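An overview of the molecular structure
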Amino acid sequence: MTMLGLDEQQRAVLEDLYAQYAEKYESLQNSDVRKLSAALQAPWHYDEESGKSTPPTAGDIDGVYALRRSALQSALAADDAFLEDVSVAVLGQEQADALARVKLARLRAVYNRT
């Protein structure tokens, strides 16, 4: 967020907002992302006696995609709430354009990982 040109007071507020955002994101990691991770591992079943693996069903795959979509939507909502808080509580009008670029950079980072 150095591209925003914040003064000391703005940085202090931003740090507080970021701490709150990090807590929300950690909660998301411990709920939605953990469910998704477990669902990604669960569909494959290995039978030791026969030595065969059973692939996931269409329902298992649909469930994984639904969890992925939910996790992504939760992450994007947390990002949007944080950036809106930054916009309202920290930035002046002259910094709004820079925040728009930060938002776009964050979206690119999210979609490049998915």
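See above for the structure.
Residues numbered from 1 in each chain as written. Predicted model: local features only at pLDDT ≥ 70, side-chain atom pairs only at ≥ 80, totals over all residues. Heavy atoms only, no water.

**Notes on helix α3 (residues 96-113)**
Rules: Note on conventions: DSSP H or I runs of at least 4 residues are helices, E runs of at least 2 residues are strands, and numbering of each starts at the N terminus. Expected helix span is given by 1.5 Å per residue-to-residue step, counting one fewer step than there are residues. Remark: exposure states derive from per-residue accessible area (1.4 Å probe, protein chains only) relative to the maximum for the residue type, with buried under 20%, exposed over 50%, and partly exposed in between. The arc in question is traced by the directions running from the helix axis to the C-beta atoms. In this description, contact between two residues means that some pair of their heavy atoms is separated by no more than 4.5 Å.
With 18 residues, α3 ought to run about 26 Å at 1.5 Å a step, and its terminal C-alpha atoms sit 26 Å apart, in line with that. When we look at burial in α3, the residues that qualify are Ala98, Leu99, Val102 and Val110. Within α3, the buried residues cover an arc of 120 degrees as seen down the axis, which keeps them to one side. The exposed residues of α3 that point more than 90 degrees off its buried face are Asp97, Arg108 and Asn112. Its buried side turned inward, α3 meets α2 (58-89).

**Brief notes about the nonpolar core**
Let me state the cut-off plainly: Throughout, nonpolar core names a set of buried Ala, Val, Leu, Ile, Met, Phe, Trp, Tyr and Cys residues whose side chains join them through atoms within 4.5 Å.
With twelve residues, the main nonpolar core is built from Leu6, Leu14, Leu17, Tyr21, Ala78, Phe82, Leu83, Val86, Val90, Leu91, Leu99 and Val102. Ignoring anything within four residues of it in the chain, the contact list for leucine 6 reads Arg11, Leu14, Val90, Leu91 and Gln95.

**Some thoughts on the environment of tryptophan 44**
Tracing the backbone shows tryptophan 44 in the loop between α1 (8-41) and β1 (45-47). Its relative accessible area of 53% is what places tryptophan 44 among the exposed residues. For tryptophan 44 and threonine 54, which are ten residues apart along the polypeptide, the C-alpha to C-alpha distance reads 5.8 Å. Ignoring sequence-local partners within four residues, the contact set of tryptophan 44 consists of Ser53, Thr54, Pro55 and Pro56.

**Remarks on the environment of valine 90**
On the secondary structure map, valine 90 appears in the loop between α2 and α3. Separated by 45 residues in the primary sequence, valine 90 and histidine 45 have C-alpha atoms spaced 51 Å apart. Not counting the four nearest positions on each side in its chain, valine 90 is found in contact with Leu6, Gln10, Val13, Leu14, Leu17, Asp85 and Gln95.

**Quick notes on the packing of α1 against α2**
Our working definition: Throughout, an axis means a line fitted to C-alpha atoms (over the contacting stretch in the case of helices), and angles, computed between N-to-C directions, take values from 0 to 180 degrees. By definition in this entry, angles of less than 35 degrees are roughly parallel, angles greater than 145 are roughly antiparallel, angles of 65 to 115 are roughly perpendicular, and the rest are oblique. Residue classes follow a fixed rule: Ala, Val, Leu, Ile, Met, Phe, Trp, Tyr, Cys and Pro count as nonpolar, while Asp, Glu, Lys and Arg count as charged, and any other residue, Gly among them, counts as polar.
Where α1 meets α2, the axes come as close as 9 Å, and the angle between the chain directions of the two elements is 175 degrees. Overall, the two elements α1 and α2 adopt an arrangement that is roughly antiparallel. Here the contact of α1 with α2 is built from residues that sort into 18 nonpolar, two polar and five charged.

**What to know about the packing of aromatic side chains**
Defined as follows: Pairs were defined over the aromatic rings of Phe, Tyr and Trp, the Trp ring being its six-membered one, requiring ring centres within 6.5 Å. Orientation was assigned from the angle between planes: stacked under 30 degrees, edge-to-face over 60, tilted for the rest.
All chains considered together, the criterion is met by four aromatic pairs. Note on tyrosine 21 and tyrosine 25: the rings are 5.8 Å apart at their centroids and 40 degrees apart in plane angle, and the pair reads as tilted. In this pair, tyrosine 21 and tyrosine 25 both sit in helix α1, four residues apart, roughly one turn of the helix. On the basis of relative accessibility, which here comes to 11%, the residue tyrosine 21 falls in the buried class. With a relative accessible area of 22%, tyrosine 25 lands in the partly exposed category. Relative to phenylalanine 82, the ring of tyrosine 21 lies with its centre 4.7 Å away and its plane at 25 degrees, an arrangement referred to as stacked. With tyrosine 21 in helix α1 and phenylalanine 82 in helix α2, this residue pair connects regions lying 61 residues apart in the sequence. One aromatic cluster in this structure is built from Tyr18, Tyr21, Tyr25 and Phe82.

In short, the description is geometric, and any link to function would need to be established separately.
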